Structures are given as C-alpha cells and as structure tokens.
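Each chain, letter by letter, is given below.
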Amino acid sequence: QVKWKGKDLFDLVCRTLGLRETWFFGLQYTIKDTVAWLKMDKKVLDHDVPTEEPVTFHFLAKFYPENAEEELVQEITQHLFFLQVKKQILDEKIYCPPEASVLLASYAVQAKYGDYDPNVHKRGFLAQEELLPKRVINLYQMTPEMWEERITAWYAEHRGRARDEAEMEYLKIAQDLEMYGVNYFAIRNKKGTELLLGVDALGLHIYDPDNRLTPKISFPWNEIRNISYSDKEFTIKPLDKKIDVFKFNSSKLRVNKLILQLCIGNHDLFMRRRKADSLEVQQMKAQAREEKARKQMERQRLAREKQMREEAERTRDELERRLMQLKEEATMANEALMRSEETADLLAEKAQITEEEAKLLAQKAAEAEQEMQRIKATAIRTEEEKRLMEQKVLEAEMLALKMAEESERRAKEADQLKQDLQEARESERRAKQKLLEITSKSSYTQSMNSSTTALPTDLPSFNLINESLSFDFKDTDMKRLSMEIEKEKVEYMEKSKHLQEQLNELKTEIEALKLKERETALDILHNENASRGNSKHNTIKKVS
C-alpha cells in the first residue's frame, strides 16, 4: 500500500516465506548504478527508488553468517542462502576454483535430484543443468560429458543426504571461499591510491583493485573501536590506540551510507554470535531440532519400507523366474507327449499294414502250392512237356520258398512293431505323469507368488539527516572475544582437512587438461595462495 513503510513490505515477504531469521535479509534496489537497501522505518515510496513501474525490489541476504551450520536454523533460511550463493558462484561474483566447483555442483545435484540411481540418472541427465561457472568450463579441454562424469562420481557418494543436508554441505564449502559474503567498494586512501574496501562478517578488509582474494590489511570487528564518516571521508579507529587511524574516501555519499549500514549490521551480528542466544532463537533452535529428529525418523522409516519393497520385488522376480522355468518345462513335456503319441500311432498303422501284407503273402503261397499240385497231377505225354513241367515246378517251388521266407520275415517285423508300440505307450504314460507333477508345482508357486507380492499400496514417496555519522563499538571483553575467535578457527581448520584432500585429488586429475593461456588473474592469484598454503582464515590472521 502507498503508506506502507519498508518494514511493512519486508514483514509481508517474510510471512509469506515463513521466515523467522529475518536479521540476515533485506530488500535491495538499484538507483543510478548503485545498490541500496530499503530502510525499515521509512515509507517505501519516500525512498529514491526508480520512477518506472512496477518498482522492483530483490529479497536478498544482506548479511552472511560466519558459520552457516551453527547460525542458520530454519530450513527456509538455509535454502535461500544456498540459492543466492549458488547464483553468485555461477555468475562469477564469488571466485571458486575448478575442483571446488565440481564438488559444489555434486551437492547441488543431490539437493535437486535426491539419491543417485543409475537406472534413472543415465548419461546426459545433467546436459541442460547450469552447474559450473563458464570460466571453469573454458579453462579445460573437457567435454560436457567429461564434466558430467566427474560431477556424477561425487554425486553418487552423497547417497542418503536429504535436500537440506546437501544444501548445508554446499554452504559449508562455499563459506571458505575468499570472496564469500564480501561486499566490495572502490575507495582511495589519503595518498589517492585506488583500493577496494571489503565488508563481511569477520571485519573490514583492504584490497588491491586487481586482487580481491588476498587483503593487504584487515580490521576484525573485535579490534575496531569506532567507524565514522563525514561527507565522503571514512575513518576507521582501531581498538589499539597505538595503531594509526585508517582514513579513505569513497566516490559518493550514498556509498558511505551503505558502507556504514553494512558495518553496523555485521558488527551487531558479530557481537550477537558471542552472547547467549535470545529466547526467540532458543525456541527456533529447539523447534529445528525437533523437526530434524522427526525428519530423520521419517527418512529411516522410508528407508526401511524401501528396503522391504526391494526385497519383496526381488522375491517376486525370483518366483516369476521359477514360474517361467516351470512353464517351459511343462511345454517341453507336452511336446514330448505329443511326439510320443504320434510315434505310437505311426507304429500301430505300420504294424497293421505289415500284418495284412503277411496274410496276403501266405495266401499267395497257398495258391502257388495248389498250382504245383495241379501241375504234378496233370499228365504229361511228351518228354519235352515233362521237362518244361519240371522246370515250372522248380520255379514254383522256389517262388513258394521265397514267399514263405518273406511271410516269416513280415511276421517277425509285425511282432517287433507291436513291441515298439508297447514301449511308445509306456513313454506316453510316463510323460503324462511328469506333466501332472509339473502342473501341481506350478499351481503351488502361483499361490506363493500372489501372497508374497501383495505389497502395501500406501508406501510413501533488514534517514540520515546530517552529512556525518559516527558509530562506536563497545570494547568490553574484546580480548576475550579475540581468543574465542582464534579457538574457533583452529577447530574449523581441522574439520576441513579431509575435504581439502578430496579437492586436491580432483585438481591433480584434471590438471593435465588445463589450458594455461585461459587462466584469469583470479586463477593465478588463487594458485599462488594455494602454493603458499594460504587460506581465507590464516590470510586474514596474518594481515590483521
């Protein structure tokens, strides 16, 4: 609404998102190429916002945590930071070395796709995903398929991590990048030298314009007594009065206001982290623990149900395989039975034909015998007729002998065919008995299959009037805070040792494919820092 103040609009967005950790966020807009943040106590339309409609604000993280895992309580807060940091890395607003880019990409894939499944996540499934900065892709002679293979290899190791866990792992790695959470501003010192001022959760840092990774000087929040500006001159007064006051000039008054806003907000959060949690934060953390425990139990339940489903499916597949085997055996037995029946029919038919032929031969033999007797009885008057008759008798006797032998052979063949028929019928009887046994096994297996594969169907799937302002920091127990910070840094470095080993392994693997001529200035600076053993935290410690 027209009369709304910045807080009204900001609160509406937070309520819509269900966000309670509002102190990290703000509504950002751009005016005359300068970034500005909506003031909570000023009317929205009283700001120097762009005149075109609609007026666009970006809901973004204004302040970053020192340790995302300890400070970000709500899952929605973690998710919003994940989205913002991921975009800044892909847009190359945060420098990320190639090996870390691949590891971060694998966690981004785990957050989006869940556990790796080779049957679902086949080659090419990341082809349309933007996962690596273009600078990294152009730096190596590697195809998209080769990048996907390396991302997938790490992605497969993240099995069992939920979306919020994968996003938190992403932030834990990203928060160690040198440019993470740093707001850079162009400044000049008293000598007119161009420098960069970096403001982040740890303090103020001064950089060379060509090196945004390694600060020349750092002022941790617990070592700063006062920050103030007058017009375009900005002053940093260290807690140790022996150290000179650092003064610099910025290009615009608007920029000084923004720098002071960021300094106040980051210092407030720096002090809050080192005090006992407020009642609201304690309640949020308790709720978050309960929610995490509930989700853990739910994941365990789903894992058990998934395991049971997989076991049941394996049992079903085995039963189906066994059933198919039995069906094949039954088919083969049926075919054997049919062949036996056909053989028996053929043998019976052949035996009948042979028997008929034997009868016919016996009849012909009898007729031949009769003809011989008739010829013998006939009187032969002449010797020639007698000789011819003897010759015919001899031929008739030979024919009768042959017919008798053929008849005997045919009779033996008929007996053999009858014996073969009996054996064929015995084979048929045995085949029928085996088929009956297989049929009874098949019906038993089907009943077992129907009872085993009956699976549950409900399984889950944050108005300056004068031109100057000063902000004093309380120096109570600053020395104690310094000791706590050093202790926290040492503990954190131990935790990141294993991760560094993984990153070095991938770096070594792809080093041979690097195109040295395409290295950017930040790539060269990062490699120099790495070769010296410099990290974000020990560099700040050295230059503080």
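Residues numbered from 1 in each chain as written. Predicted model: local features only at pLDDT ≥ 70, side-chain atom pairs only at ≥ 80, totals over all residues. Heavy atoms only, no water.

Visitor: Looking at this structure, I do not really get the pairing of strand S10 (residues 246-250). What am I missing?
Guide: One face of the sheet, then the other: side chains in a regular strand alternate in exactly this way. The side-chain alternation of S10 yields one buried face, formed by Phe246, Phe248 and Ser250, and one unburied face, formed by Lys247 and Asn249. Examined bridge by bridge, strand S4 (residues 183-189) and S10 share 3 bridges and lie antiparallel to one another. Note that in S10 the partner of Asn189 across the bridge is Phe248. Two elements, strand S9 (residues 233-238) and S10, share 4 bridges in a ladder whose sense is antiparallel. Its bridge partner being in S10, Thr235 is matched across the sheet by Lys247. (Buried < 20%, exposed > 50% of the residue type's maximum accessible area, 1.4 Å probe, protein only. Helix = DSSP H or I, 4+ residues; strand = E, 2+ residues; numbered from the N terminus. Pairing = 2+ DSSP bridges.)

Visitor: Quick question: what am I supposed to make of the sheet that holds strand S2 (residues 34-37) here?
Guide: Whenever strands of a sheet pair, they do so through backbone hydrogen bonds, lying parallel or antiparallel. What the 3 strands build is an open sheet, ordered S2-S1-S3; its pairing is antiparallel. The open sheet has two edge strands, S2 and strand S3 (58-61), and neither has a second partner. Taken pair by pair, the neighbouring strands of this sheet meet at an average axis angle of 45 degrees, ignoring direction. Relative to S3, strand S1 (residues 25-31) runs antiparallel, the two being bridged by 4 bridges. Note on S3: the bridge partner recorded for Leu27 is Phe59. Relative to S3, helix H3 (residues 75-90) is tilted by about 100 degrees, and along the sheet it contacts S1 and S3. (Axes fitted to C-alpha atoms, helices over the stretch in contact; angles between N-to-C directions. Contact = heavy atoms within 4.5 Å.)

Visitor: Which parts of the structure should I look at to understand the pattern of salt bridges?
Guide: Side chains carrying opposite charge are able to pair once their charged atoms draw close together. Considering all chains together, one arrives at 25 salt bridges under this definition. Note that Arg273 is salt-bridged to Glu71, the shortest N-O span being 2.6 Å. With Arg273 in helix H8 (residues 253-273) and Glu71 in helix H2 (residues 68-71), this residue pair connects regions lying 202 residues apart in the sequence. A relative accessible area of 18% means that Glu71 is categorised as buried. Two residues, Arg135 and Asp523, come together in a salt bridge whose shortest N-O distance is 2.9 Å. In this structure, a network of salt bridges that share partners links the residues Glu66, Glu71, Arg273 and Arg274. (Salt bridge = Lys/Arg side-chain N within 4 Å of Asp/Glu carboxyl O.)

Visitor: Sorry, what's going on with the pairing of strand S6 (residues 203-207) here?
Guide: Judged by how many residues are buried, S6 sits mostly within the fold: 5 of 5 residues are covered. Looking at chain direction, strand S5 (residues 194-199) and S6 are connected through 4 bridges and run antiparallel. In the sheet register, Gly198 faces S6, and the bridge partner there is His205. Relative to strand S7 (residues 217-220), S6 is paired through 4 bridges, and the arrangement is antiparallel. In the sheet register, Ile206 faces S7, and the bridge partner there is Ile217.

Visitor: Sorry if this is basic, but what is going on with the packing of helix H4 (residues 98-113) against helix H6 (residues 144-155) here?
Guide: Two numbers describe a pair of packed helices, the interaxial angle and the distance between the axes. Between H4 and H6, the shortest axis-to-axis distance is 8 Å and the interhelical angle comes to 65 degrees. In terms of crossing hand, the pair formed by H4 and H6 is right-handed. Of the residues in H6, those in contact with Glu99, Val102, Leu103, Ala105, Ser106, Val109, Gln110 and Tyr113 of H4 are Trp147, Arg150, Ile151, Trp154 and Tyr155. For the contact of H4 with H6, the residue count by class is 9 nonpolar, 2 polar and 2 charged. (Left-handed = near helix turned anticlockwise from the far one by under 90°. Nonpolar A, V, L, I, M, F, W, Y, C, P; charged D, E, K, R; others polar.)

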